[in-house]
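In case you want the letters, here they are:
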Amino acid sequence: MLKRPRAVIGSLAAAAVMFFAPISGAMADTYWQCVPFARLISGVQIYGDAWTWWRQAVGKYETGFSPKAGAVLCFKPTGNMRLGHVAVVSQVLTDRVIQITHANWSRIGGTRGQIEKDVTVIDVSPAGDWSQVKVWYDPVRDLGSSTYPTHGFIYQDANAVRMASNRLNDAQNTAIAVAQGAASQVASVVRPGAGPLQMLSQAADSTDRIAALIQAATQMTPPAESN
């Protein structure tokens, strides 16, 4: 079975910054529902419970049964998931395998409401129309045993793409600011008076020297053995 690493994140800033770097689960301090998270990262402006999205999309967004990056996959309500579920397609791997990014699916560390990035979903429908899927479930570290019925995909329009892109740019700027702040704090603690760029430069120099020593050691010609 396909298995993909996931970044589990919780805060609002982290939810968008997740596109740039994995973030520790220690930041999972916000309980995310699938609907606001899917709206946030897709730009698709539909509100209300997940099971209503497919109906609400009529006349507002194009819908279909082929996955596209950025599209919202709408799950039908079931006995254990009576409000349905929505997830955003991260990338299409094959015509029957995609990756999604979504919230409030797996129990991770025993808790719900967390975000999972780039998890595997497989189309198991007889007609290959994505009407039935299996979804990666983190507690078992594999695809879950359940099969879920889906309506299909809601595709982004130009406005949704623009909104998602703007949020991504905002997240990138936030990530840079957070990283610079963290670097400044590290620099002031480790070496008072040193700036973050100086600290990073010194670290890079040290890494280069170590790498050069390792390379020299591994390329040395061993002494000839005597008979």
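Given the structure is predicted, the values throughout are model-derived calculations rather than measurements.

Criteria and thresholds
- Residues numbered from 1 in each chain as written.
- Predicted model: local features only at pLDDT ≥ 70, side-chain atom pairs only at ≥ 80, totals over all residues.
- Heavy atoms only, no water.
- Salt bridge = Lys/Arg side-chain N within 4 Å of Asp/Glu carboxyl O.
- Helix = DSSP H or I, 4+ residues; strand = E, 2+ residues; numbered from the N terminus.
- Buried < 20%, exposed > 50% of the residue type's maximum accessible area, 1.4 Å probe, protein only.
- Disulfide = S-S within 2.5 Å.
- pLDDT = per-residue confidence, 0-100.
- Contact = heavy atoms within 4.5 Å.

1. Observations concerning the pattern of salt bridges
Taken as a whole and judged by the stated rule, the model has 2 salt bridges. Across the pair Asp123 and Arg96 runs a salt bridge whose closest N-O atoms are separated by 2.8 Å. Of this pair, Asp123 sits in strand E6 (residues 115-123) while Arg96 is found in the loop between strand E4 (85-92) and strand E5 (97-103), placing the two residues 27 residues apart along the sequence. Its relative accessible area of 3% is what places Asp123 among the buried residues.

2. So, unusual backbone geometry
Phi is positive for Asn104, close to 60 degrees, though the residue is something other than glycine. In this fold, Asn104 is placed in the loop between E5 and E6. Not every positive phi belongs to a glycine, and Asp118 is a case in point at roughly 55 degrees. Within the secondary structure, Asp118 sits in strand E6.

3. So, the state of the cysteines
Evaluated as defined, the whole model comprises 0 disulfides. Cys34 takes part in no disulfide bond, and the closest cysteine sulfur, belonging to Cys74, lies 9.7 Å away. Look at Cys74 and you get buried, because its relative accessible area is 0%.

4. Thoughts on the confidence of the model for the chain
For any part of a model where pLDDT is low, the fine detail of the predicted coordinates should not be relied upon. For the chain, per-residue confidence averages 78 on the pLDDT scale, and residues scoring 70 or more make up 62% of the total. Low confidence marks residues 4-17, where pLDDT is under 50. Its contacts with residues over four positions away, or in another chain, come to 55 contacts. Confidence over residues 220-227 falls short of pLDDT 50; this stretch has 0 contacts with residues more than four positions distant or in other chains.

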